[in-house]
Amino acid sequence: MDRAVWMQVLQAVAVMWKRGWLDKDDQGLDHAKKELFDQIGQLLKVEGGDLCVSQVVGLRLLEALVTEFSSSKASAVGLSFAFHRACHESFERAGLRESCLLALGLLTQIAPQAQASTFELSGVRLEAVRACLAVLDTCLLWDFRLGDGSGKSASRTFKSDSAMGQQREHLLFKTGSNIRPGEAWRSVLVESDLLAELCRLYHATKTAAIRFPERGADEIPHVIRQLLAHLASVNGAVFADEAQKISFVGRLLEASLFGIVAQPIAPMDVAAGLSQTFDTTTHKTDVNEALCAASSAEYLDMCSFLAHLVSNVGVETLIKLPFSRILEALLALSRHLLEGAALNASRGASAAQQQAGRVHDEDEDIDNSWLMEAFAHLLEIWGALVEWVRATEDALLRSGVEQHQQQPDPARENAVRLVRGFATPLYKVYVEKRLVMARFSMEREEKETFNEDELAEDPSALDDHLLGVTALGRVEPLPSIELLSAVLEQYSSRLSSCASAPANESTTSEIGKLSEELFWVVMLAAYLLADTGEGERPMIPNRILRLSKSFVDQATQLHPANLTLEQAKQDPVVKLSWMILGLVEFEAERVRASQGADERVSPLLSEKLLIALTRWSMTYLFPEHGLYEPMGRKAIKQGLPQSIELSFGPNAQGTQVLDFLVKSAGTYLSNWGTESHVNKEGLALLRAIVENEATKGVLLKMASWQALFQAHIASVGHPTWAPLNGLTSEGQGALAEILLKSLEVSRSADEGQRGQALQHMRQLVAPVKQRLAAITAKLEAESQVPKGRLVSSASSLQAPEQVQNLKRLMELCLGVVRAATSGPLAQWCREFTIDALLSSWTPISLAALVFLRDAPRSSAISGNAKELLSAILQLLGTFCEEQLTLTPSAQLNPVLESCNRMLQVYSEIRSANVEMDEEAWANDLKAVLLILTQIAEREMLDLSDDIGGAPIGNTAVDVTPAAVVMRGVSLVFPLMTKDVLQYPGLAEQFFQLLTMMIDVYPNQVAALSPQMFSPIVQALEFGIADHRVGVSRKSFEALCSLAQFHATQTQGNPPQPGLGANLHPNGANSPSVLLLLLQTVFSFVVFQSFDSSLLNPAANAMLALIACEQEQFTPMVEQIIQNQQDPALRDRLSHAFTGLVRNNNIQLTFDRANLRKFQANLLTFVNEVRGFMRKN
């Protein structure tokens, strides 16, 4: 019989056993279960020492049983989820452990045989080994729910398919994953010989599996490593006490770190593909590749295993083992991986030299190699160790503050010293090898060609890596800072020498390599000195803070007020900071001197220098004293060190640093416009400076900031946008936003401060208004040209420079909108934007509509007009989203008029059937939906009552919000087809608008014509069934609002018509749309597969629909019950429906408590009926 056939037969046997597993009427069921495992045990008996097919069949039957009883892998047998869950728990009580023991028993007979010289891994023996490991793997994949007294259920990656079934290349884990099987499994997992037998089998089979891959044994070593990973995940009550847990962890480390890692398949240099020394010459290339692949997988799996083990058991367990030996082995493995990565990079450079001009393969980059991936796993371990040291030291400090003395704990103090002693040399090795990798990487890249897509890096991956390395450096910050300072000084000096030498191929090449090396040094230094704030201002890291404090105490003999500025510059932290600033000054000067034309200046180094400055300035520039003041009895803060205060605080020296940062950013913005990535980081630095509240009062008094102001003003007023013409249009808008934010003053500011800020604001926006007015007048005049002469005329929408002007003006206006956050500045920015919308962008849109309608559709004018109209819609949408709820009533009418006119333009575009690409069309529609949503939201949430503001512009007529919204609805609702709702973001925005309209304009929604209301119903049906969770959730929310409105209206006193004629669009005798939607929701929760987070929104909608259709709900339920042919199932379904509407004292009201009760009822209902209803 074919293997696939008998595997299906065994699976069918498992299904039949499961269907009767909970049968309470069969008195002999327990006996039958026992007999089942006895018979399997007979199959697994080894006669005469030879394995045969019967063992394989018995093992595969065990695997099928375990797989079938796992809730996540159960076959569709037409039973409820509750039944599957009960079977799962029953089999865990009796069956799972027995299955594992049977497989373990056979393993103990196979493993000793594997060590014999005559042992061959082939045929039935190979199949038996694979089957035995598969059973063990499947058992340990189990989602244990009963055994651990802690009540924690496993949340593991292991709930996915087994390692053998998935044919994974490497182990996969999730943070915090563990196995908690309970004390019943102690004898199976902890006290048995399982670990020893697995290791014995592993060492006996790993080489044979590589030498003879054609026999199909090459996955055996990986599956064993996966089983070891399962054992590393064991925790909880399976251990009798802490001592047993420590002993077990020690055995795991002996098997892995001191076993498999110490006796690898191949040495590290071979695994890295750097050596060609092998024992055999037969099929050398294939064997070499197999050996390198297998050994690299072994190293990577073991590093992943060790990281997971430490995460599972914690550092507290490790320090009770021979801790020094463990750290020494981890350091050696980490060092070997870094050395292998450096050698690998050097080999890649050599290969590139021999194949000059080859296309760059990013998969060969050293940071994409398995070596650095394995090192990343070890970094997780070192990170856990370092975090334990930090927590331990902080606890000791707090103890000292509270008790005025520290209770000595020699073991813990020794463990802290050990971690510090091993982490520091590893950081040094990393820096050394990273510089080697950087140089060889540049040598390789010099000889290769690149695709544009390959030049981008993953910032999040780099950030995670640098954070892990930084944790090592901060354990002992002084040697780390001294190391980086020495390296930075050395390489900066070499860069200066090369830059001053005559330009030739040699110096250009060397500058490129030095720039790559300095890039890493600068990033390491920035991460060592500072953290990111994630929305808040970051503090100086504690260890760095203590280092500076210690320096000040020693330099002043505990009298910090006596510290001089020259002494402060000798603080290692301050010294490294000044070295970074010095390198920035050197590079910025090179850019300024050549006006960005020197090709030897590295854009990458400049970009990373600006990133480093931004990170550094957020922490050190004008530091906030309150962050460092001690608070409370257990506080460990010691105040801001005087050396940092003198160097970078709000004083003359700090102001000079601030001035330098502004000048440096300005240099890049003014001279290196071709490098958009560099300018983006220059703007980020300026944004960080402006967001520091302490700098705002200083910036406006600085000549460098005023120069930046004037450069921006001159640029906007200049025909070619000089001197900032190199900035992208987005960059120009971002700079306008930053400059405006520097003008923020509080509402309590005196008239002088407000007047000065207003004057600066007017200076900034004046050239924008002038250019907008000029181009508006020109476009309006051009739009009057007769249709036949339109293209031949010199249209502004035909000239590329004029189109670019419009884009820049648009981004400048967006910058003004985003700068309007609070206080008087928000009012000024809002007034400017409203005026620009009414007096310029709305007339421009009408002119563009003329061009779009009259110009040939294939012309540049038509294409540019479409882009311009789309941009105006986006501007209006952004303003409404950011500012509309804060717009005073006196200023609302011009905004609504602008919206109304844009809707008119949009309507004419639609009626003219203007051709647009799908993405642009969808974005326009989304912008219209956003505008309408925000107008409706302002009606419900008006935050402008306490905000002043004079009327703006002269509008012909008053336009009400409701009129604008309903006009927009008449345009967009007919467009909401199923195809349209597929576009990303459109469905969510539509349902958000619908929900808002029902809340704000319920009567207008109810009064919509059938042609307008029908798309709403169709969209709701679509949204409920959509695979996107966010879309389904918002559709349920909209449906709930609609049904609650109808129920409240029709059941009020006096009753109101609710949805009126829209309730029965096909006639009074036809089913109501709400009944049809109720049936749709019922079908969804019972028959469809969906994300569990949707059940509560569906329950809310269902309760509201039941309240609307009380008379029709009972007949609907009776019909559903009668459709069940099995009387027993009819009874079960009837009982479930009764519980749905009666349990928990459910009422047909919509308060939160009642909704929660119905949500619980629906969950019970679904668990009871979903299984058999889906079957039938």
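The shown structure was predicted, so the numbers you read here are calculated from the model rather than taken from an experiment. (Residues numbered from 1 in each chain as written. Predicted model: local features only at pLDDT ≥ 70, side-chain atom pairs only at ≥ 80, totals over all residues. Heavy atoms only, no water.)

1. Here we look at the overall build of the protein chain
What counts is decided by this rule: What counts as a helix is a DSSP run of H or I of at least four residues, what counts as a strand is a run of E of at least two, and both are numbered from the N terminus. Under the scheme applied here, a residue whose accessible area is under 20% of the maximum for its type counts as buried, over 50% as exposed, and between as partly exposed, the area being computed with a 1.4 Å probe on protein chains only. Contacts are assigned to residue pairs that have any heavy atoms within 4.5 Å of one another. Methods summary: accessible areas were calculated by the Shrake-Rupley approach with a probe of 1.4 Å, and residue burial reflects only the protein chains presented.
From N to C terminus, the protein chain includes 46 helices and zero strands. A burial count over the protein chain gives 55% of its 1176 residues as buried. Counting contacts in the protein chain only where the partners sit at least 6 residues apart, residues at least 24 apart contribute 79% of the total. When the accessible area of the protein chain is evaluated, it comes to approximately 50000 Å², of which 50% is carbon and sulfur surface.

2. A look at the side chain of His465
Note on placement: His465 falls in helix 18 (residues 459-475). Under the relative-accessibility criterion, His465 is labelled buried at 14%. For His465, the contacting residues outside a window of four places in its chain are Met372, Phe375, Leu379, Tyr430 and Arg434.

3. A few points about the side chain of Thr317
Looking at the secondary structure, you find Thr317 in helix 14 (residues 315-318). In contact with Thr317, not counting residues within four places along its chain, are Glu242, Lys245, Ile246 and Val249.

4. Concerning the packing of aromatic side chains
The following threshold applies: Note on ring pairs: Phe, Tyr and Trp rings are taken, using the six-membered ring of Trp, and paired if centres are within 6.5 Å. Classes follow the plane angle, with under 30 degrees stacked, over 60 edge-to-face and the rest tilted. Counting as a charge over the ring demands two things of the Lys NZ or Arg CZ atom: a distance within 6 Å of the ring centre and an angle within 35 degrees of the ring normal.
In this structure the tally under the stated criterion is 23 aromatic pairs. Relative to Phe1165, the ring of Phe1137 has its centre 4.8 Å away and its plane inclined at 50°; by these criteria the two rings are tilted. Of the two residues, Phe1137 is situated in helix 45 (residues 1127-1142) and Phe1165 in helix 46 (residues 1152-1175); the sequence distance between them amounts to 28 residues. Like Phe1137, the residue Phe1165 is buried in the burial classification. One aromatic cluster is present, built from ring pairs that chain together Trp17, Trp21, Phe37, Phe69, Phe91 and Trp142. Taking the ring centre of Phe258 as reference, the NZ or CZ of Arg325 above it sits at 3.7 Å.

5. Notes on unusual backbone geometry
For the peptide bond that leads from Ala722 to Pro723, omega is 5°, which places it in the cis range. Summarising the element assignment, Pro723 is placed in the loop between helix 29 (703-717) and helix 30 (729-741). That bond from Asn1053 to Pro1054 is cis: its omega, 5°, falls within 30 degrees of zero. One can find Pro1054 in the loop between helix 41 (1029-1050) and helix 42 (1073-1087). Not every positive phi belongs to a glycine, and Trp721 is a case in point at roughly 65°. Looking at where Trp721 falls in the secondary structure, it is placed in the loop between helix 29 and helix 30. The exposure class of Trp721 is buried, given its relative accessible area of 3%. The residue Asn1144 is not glycine, and still its phi comes out positive at about 65°.

6. So, the packing of helix 23 (residues 572-594) against helix 24 (residues 603-620)
We apply this condition: Angles here are taken between N-to-C directions and fall from 0 to 180 degrees, while the axes themselves are lines fitted to C-alpha atoms, restricted in helices to the stretch in contact. To sort the angles, those under 35 degrees are grouped as roughly parallel, those over 145 as roughly antiparallel, those from 65 to 115 as roughly perpendicular, and the leftovers as oblique. The handedness criterion is simple: a crossing whose near helix is rotated anticlockwise from the far helix by less than a right angle is left-handed, and one whose near helix is rotated clockwise is right-handed. Amino acid classes used here: Ala, Val, Leu, Ile, Met, Phe, Trp, Tyr, Cys and Pro are nonpolar; Asp, Glu, Lys and Arg are charged; the rest, including Gly, are polar.
Running from N to C, helix 23 and helix 24 cross one another at 140°; their axes reach a closest spacing of 10 Å. The angle between helix 23 and helix 24 falls in the class oblique. Crossing handedness for the pair helix 23 and helix 24: left-handed. Side by side, helix 23 and helix 24 meet where Val573, Ser577, Leu581, Leu583, Val584 and Glu587 of the first sit next to Leu605, Ser606, Leu609, Leu613, Trp616 and Tyr620 of the second. Per-class residue counts for the contact of helix 23 with helix 24 are nine nonpolar, two polar and one charged.

7. A few points about the nonpolar core
Most often, soluble globular proteins have nonpolar side chains that are buried together. Applied cut-off: Among the buried residues, those of types Ala, Val, Leu, Ile, Met, Phe, Trp, Tyr and Cys that are joined through side-chain atoms within 4.5 Å form a nonpolar core.
By size, the foremost hydrophobic cluster in this structure holds 381 residues, and its most contacted members are Trp705, Trp841 and Phe1165. The biggest single contributor to this core is helix 33 (residues 823-854), with 15 residues.

8. Thoughts on helix 35 (residues 892-911)
Our working rule: An expected span of 1.5 Å times one less than the residue number is assigned to each helix.
Taking 1.5 Å of rise per residue, 20 residues should cover 28 Å, and helix 35 covers 29 Å from first to last C-alpha, within 8% of that figure. At the exit of helix 35 stands Asn913, carrying a positive phi of roughly 55°.

9. Topic: the pattern of salt bridges
Put simply, the rule reads: Any carboxyl oxygen of Asp or Glu within 4 Å of a side-chain nitrogen of Lys or Arg constitutes a salt bridge here.
Taken as a whole and assessed by the stated rule, the structure comprises 37 salt bridges. Measuring nitrogen to oxygen at the nearest pair gives 3.9 Å for the salt bridge that ties Glu298 to Lys206. In this pair, Glu298 sits in helix 13 (residues 284-313) while Lys206 sits in helix 9 (residues 194-211), placing the two residues 92 residues apart along the sequence. Like Glu298, the residue Lys206 is buried in the burial classification. Residues Arg412 and Asp409 are paired through a salt bridge, measuring 3.9 Å at the closest nitrogen-oxygen approach. On the accessibility criterion, Arg412 (25% relative accessible area) is partly exposed. For Asp409, a relative accessible area of 31% puts it in the partly exposed group. Because the salt bridges share partners, they merge into one network encompassing Glu393, Arg420, Glu476, Arg543 and Arg546.

10. Topic: the packing of helix 33 against helix 34 (residues 860-883)
Contact pair helix 33 / helix 34: the axes reach a minimum separation of 9 Å and the direction vectors enclose 155°. Between helix 33 and helix 34, the angle is such that the two are roughly antiparallel. Handedness of the helix 33/helix 34 crossing: left-handed. Two secondary-structure elements touch here, helix 33 through Arg830, Thr833, Ile834, Leu837, Trp841, Ile844, Ser845, Ala848, Leu849, Phe851 and Leu852 and helix 34 through Ile861, Ser862, Ala865, Lys866, Leu868, Leu869, Ile872, Leu875, Leu876, Phe879 and Gln883.

11. Some points on the environment of Asn504
Positionally, Asn504 belongs in the loop between helix 19 (477-500) and helix 20 (505-529). The exposure class assigned to Asn504 is partly exposed, which follows from its relative accessible area of 36%. When the C-alpha atoms of Asn504 and Arg600 are compared, they prove to be 9.9 Å apart, with 96 residues separating the residues in sequence.

12. A few points about helix 4 (residues 81-93)
Taking 1.5 Å as the rise per residue, helix 4 with 13 residues should run 18 Å; its terminal C-alpha atoms sit 19 Å apart, in good agreement. Looking only at helix 4, the buried set comprises Phe83, His84, Cys87, His88, Ser90, Phe91 and Glu92. The first or second residue beyond helix 4 is Gly95, which carries a positive phi of 145°.

13. A closer look at the environment of Ile998
Assignment of secondary structure puts Ile998 in helix 38 (residues 986-1000). Along the backbone, Ile998 and Phe1045 are 47 residues apart, and their C-alpha atoms lie at a distance of 7.5 Å. Excluding residues that lie within four positions of it along the chain, Ile998 makes contacts with Val1005, Ala1038, Ser1041, Leu1042 and Phe1045.

14. A closer look at the confidence of the model for the protein chain
Heads up, the condition is: Looking at any residue, its pLDDT shows the predictor's confidence there, from 0 to 100.
Here the protein chain averages 85 in pLDDT, and 86% of its residues register 70 or above. Every residue in residues 172-176 scores below 50 in pLDDT, and together they form 11 contacts with partners more than four places removed in sequence or on other chains. Ignoring residues within four places in sequence, the model shows residues 790-794, a span with pLDDT below 50, making 12 contacts including any to other chains.

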